[in-house]
Amino acid sequence: MQVPAPFEYERATSVENAIALRERLGEEARFIAGGHSLLPMMKLRLANPEYLIDINDLTELFFITEEAGEIRIGAMTRHRELLESELLAEHFPIFRDAEKVIADPVVRNRGTLGGSLCQADPSEDLSAVCAALDASCLIKSTTGERLVAMTDFHVGPYETAVGDAEMLTEIRIPLKANSGSAYEKVERRAGDWAVVSSGAAVWMDGDVIADGRVGLAAVGPNTTSIGPVSDALRGAAPSEELYQQVGEIAAANCSPQTDQRGSVAYKKHLAMELTRRSLRRAVARAQGQEA
Amino acid sequence: MQVNMTINGDAVSEEVEPRQLLVHFIRDQVGLTGTHWGCDTSNCGTCVVLIDGEPVKSCTTLAVMVSGHDVTTVEGLEIEGELDNVQQGFIECHGLQCGFCTPGMMLTARALLNNNPDPSEHTIREAISGQICRCTGYATIVRSIRWAADRETPVAIGSAS
Ligand SMILES: Cc1cc2nc3c(=O)[nH]c(=O)nc-3n(C[C@H](O)[C@H](O)[C@H](O)COP(=O)(O)OP(=O)(O)OC[C@H]3O[C@@H](n4cnc5c(N)ncnc54)[C@H](O)[C@@H]3O)c2cc1C
Ligand code: FES
Ligand code: FES
């Protein structure tokens, strides 16, 4: 039987209250959102916080809105809401692509966007999604707030830019014209973590790609946004040759490990092939050729 | 610490350790052993209960997190001797063999039908994809849920109030 080590539990009543508790209780305290990454780690005693601050009552962090030329998503928004949101499906279909294949519907009832990003597991699908979309993360503390780009949010595996006395409250994604996005994942069985996944987003200017990004999951650290991919995409006209070339860049810029999900060679092949497919679909969507 | 919740409509007030998982609270402290405990790693889904009408894996939820909420366990499906359509469907269509996965399957099915009284086979398979059955091969489970759907009335048990 797996049981977490003892800890004290507090239920936060507001964002201010949650941050104040975190500041007072210090580095031995952790927030608990859906708990679907943290509790398994606590059951295995891989995480042993002394205090848990439950943020499930913070209704102000459950939202998906369009504001100031951005889509803003509250940190406590659950996978299920991300899957079902028509606003997201209209602007960023990559979310629905990814959410359909993240865990299973019961896990999706609990797991949150904020928890996924803060877990910073290199296999986390939403990190790749948010990086492809050029999202930024709003981080609050008792003294103020700061916006951190997704590219700077993950400091390393299981490590983020969120400090001990800070909280991730919101994700912001810029709305830019003629965008398209898509997600491709290969998993061993329904609901499993990715063997490899690739998310792509492009912004078109007439017949050329004005800007584009690719984020990979499950192929090592620093793959949520690959710089050389964006360099190759900017100003290029979409073509099968381009998708192939960018797929190869993606494969060359990741560092998967051989494990029970597959060999390095297989994972690199997937990184290439899935990037080709996600880019192809993102471009088709930007051009209004595919829903 | 003190937790207060309703389980199958009854008010429950108990003293728990914060680290007590909901599945053990329900089984060992409240004594409702219909909720099963299997993989302990949020993969098999036999521990599913409804929290405010939605299926949740109780091995990956703390009892303290559920204080103030409404819980439905498999015992709550039957009302005054009257089986839920889903339970009747599992009887009619042989939706179980050993019965280990059954509580989670039936509760997930109940939540599905509350949201969508006429699901396609694909939708049913998707809804139970977080649950593992080692006996039936799923075909009879899907048939059982469809049997219930064909008799669905607008009474929603365990739905969010
Ligand atoms: C069976 C199973 C299968 C899964 N499959 C997949 C999959 O295929 N793909 C995938 O991407 N994920 C998968 N997941 C993970 C799932 O998406 C988790 O729900 C998610 O990783 C964490 O979200 P959570 O809300 O449960 O976070 P929690 O477990 O509550 O928290 C995770 C970490 O983030 C911190 N945290 C949470 N919110 C905040 C905040 N607002 N500010 C600062 N810190 C915060 C916590 O302190 C903790 O350290 C799976 C999980 C399970 C159990
Ligand atoms: S015991 Fe909870 S999912 Fe298996
Ligand atoms: S009936 Fe035996 S596991 Fe499903």
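Remember, predicted model here, so these are calculated numbers, not experimental data.

The helix and strand inventory of chain A stands at twelve helices and 13 strands. Taking the principal axes of the C-alpha coordinates as reference, chain A spans close to 55 × 45 × 30 Å. Taken over 291 residues, chain A has a buried fraction of 58%. Counting only carbon and sulfur atoms, one obtains 47% of the accessible surface of chain A, whose full area is about 11,500 Å².

Quick look at the pattern of salt bridges now. In the structure shown here, the tally under the stated rule is 35 salt bridges over all chains. Of the charged contacts in the structure, one is a salt bridge between R80(A) and E54(B), with a shortest N-O distance of 2.8 Å. Pair noted here: R80(A) is in helix α3 (residues 79-84) and E54(B) is in strand β4 (residues 54-57), and the two residues belong to different chains. Look at E54(B) and you get partly exposed, because its relative accessible area is 22%. The partner of E240(A) in a salt bridge is R280(A), with the nearest N and O atoms 2.9 Å apart. Separated by 40 residues along the polypeptide, E240(A) in helix α11 (residues 240-252) and R280(A) in helix α12 (residues 264-286) bring together distant segments of the chain. Judged by relative accessible area, which is 37%, E240(A) ranks as partly exposed. Judged by relative accessible area, which is 31%, R280(A) ranks as partly exposed. A single network of salt bridges, built from pairs that share partners, joins E67(A), E70(A), R72(A), E170(A) and R172(A).

Lining the immediate surroundings of ligand 1 are 32 residues, of which F31(A), S37(A), L38(A), T112(A) and E124(A) lie closest. Those residues lying near ligand 1 are distributed over chains A and B. A distance of 2.8 Å separates an oxygen atom of ligand 1 from a polar side-chain atom of R30(A). Within the backbone of G34(A), a nitrogen or oxygen atom sits 2.8 Å from an oxygen atom of ligand 1.

Moving on to the sheet that holds β4(B). Residues and elements named next belong to chain B. The strand order across the open sheet built from five strands is β2-β1-β5-β3-β4, with neighbouring strands paired in mixed fashion. The sheet is open, and its two edges are formed by β2 (10-15) and β4, each paired on a single side. Taken over all neighbouring pairs, the strand axes of this sheet differ in orientation by 40° on average, direction set aside. Of the pairings in the sheet, the one linking strand β3 (residues 48-51) to strand β5 (residues 70-72) comprises two bridges and is antiparallel in character.

With that settled, consider the interface of chain B and chain A. Taken together, the contact between chain B and chain A spans 29 residues of the former and 29 residues of the latter. Here chain B packs against chain A, burying approximately 2,300 Å² in sum over the two surfaces, 60% of which is carbon and sulfur. Counting the surface chain B buries against chain A, the share from its top three residues, R19(B), T60(B) and M65(B), is 28%. Taken together, the connections running from chain B to chain A amount to four salt bridges. A salt bridge links K43(A) to D40(B), with the nearest nitrogen and oxygen atoms 2.8 Å apart. Applying the counting rule to chain B against chain A returns twelve residue pairs in polar contact (both at pLDDT 80 or more). Secondary-structure elements contributing two or more residues to the side of chain B that touches chain A are β4, α3 (102-115) and α4 (121-127) of chain B. Among the elements that make up the side of chain B that touches chain A, the one with the highest residue count is β4(B) (four residues). Grouping the constituent residues of the side of chain B that touches chain A by class yields 13 nonpolar, eleven polar and five charged.

Residues and elements named next belong to chain A. With respect to the helices, strands and loops of the structure, Y243 is situated in helix α11. The class for Y243 is buried, based on a relative accessible area of 6%. For the pair formed by Y243 and M41, sequence separation is 202 residues and the distance between their alpha carbons is 38 Å. Excluding residues within four positions of it along the chain, Y243 makes contact with P238, R276, L279, R280 and V283.

Backbone hydrogen bonds are what pair the strands of a sheet, in a parallel or an antiparallel way. All names here are of chain A. Strand order in the open sheet formed by three strands is β1-β3-β2, and the pairing between neighbours is parallel. With one partner strand each, in any of the chains shown, β1 (8-11) and β2 (29-32) form the two edges of the open sheet. Shown here is a sheet whose adjacent strand axes are inclined to one another by a mean of 25°, direction ignored. Direction of pairing for β2 relative to strand β3 (residues 51-54): parallel, over a ladder of four bridges. Considered in β3, the bridge of A29 is made with Y51.

Residues E8(A), E10(A), E27(A), E28(A) and E50(A) make up a contiguous surface patch of negative charge. Summarising the element assignment, E8(A) is placed in strand β1.

With that settled, the discussion passes to the domain arrangement of chain A. Residues and elements named next belong to chain A. Taken as a whole, chain A is organised into domain 1 (8-54), domain 2 (59-174) and domain 3 (179-286). Summing both sides of the interface, domain 1 and domain 2 together bury roughly 1,400 Å²; the carbon and sulfur share of this comes to 65%. It is V15, I19 and H36 that lose the most area in domain 1 upon contact with domain 2, and together they represent 36% of the buried surface on that side. For the pair domain 1 and domain 2, the number of links is one salt bridge. In this structure, D164 and R22 form a salt bridge, with 3.9 Å as the shortest nitrogen-oxygen distance. Here domain 1 and domain 2 share three residue pairs in polar contact (both at pLDDT 80 or more) between them. Per-element tally for the side of domain 1 that touches domain 2: the top contributor is helix α1 (residues 15-25), with six residues. Looking at side-chain class alone, the side of domain 1 that touches domain 2 contains seven nonpolar, four polar and three charged residues.

What counts, and at which threshold
- Residues numbered from 1 in each chain as written.
- Chains lettered and ligands numbered in written order.
- Predicted model: local features only at pLDDT ≥ 70, side-chain atom pairs only at ≥ 80, totals over all residues.
- Heavy atoms only, no water.
- Helix = DSSP H or I, 4+ residues; strand = E, 2+ residues; numbered from the N terminus.
- Buried < 20%, exposed > 50% of the residue type's maximum accessible area, 1.4 Å probe, protein only.
- Areas by Shrake-Rupley, 256 points an atom, 1.4 Å probe, with all protein chains shown as cover.
- Salt bridge = Lys/Arg side-chain N within 4 Å of Asp/Glu carboxyl O.
- Near = heavy atom within 4 Å.
- Polar contact = N/O pair within 3.5 Å; in protein donor to acceptor, adjacent residues only side chain to side chain.
- Pairing = 2+ DSSP bridges.
- Axes fitted to C-alpha atoms, helices over the stretch in contact; angles between N-to-C directions.
- Contact = heavy atoms within 4.5 Å.
- Buried area = accessible area lost by both parts, 1.4 Å probe.
- Nonpolar A, V, L, I, M, F, W, Y, C, P; charged D, E, K, R; others polar.
- Patch = residues over 30% accessible without salt bridge, like charges linked within 9 Å, V, L, I, M, F, W, Y side chains within 5 Å.
- Lys, Arg positive; Asp, Glu negative; His and termini not counted.
- Charge placed at Lys NZ, Arg CZ, Asp CG, Glu CD.
- Domains from an automatic or database assignment.

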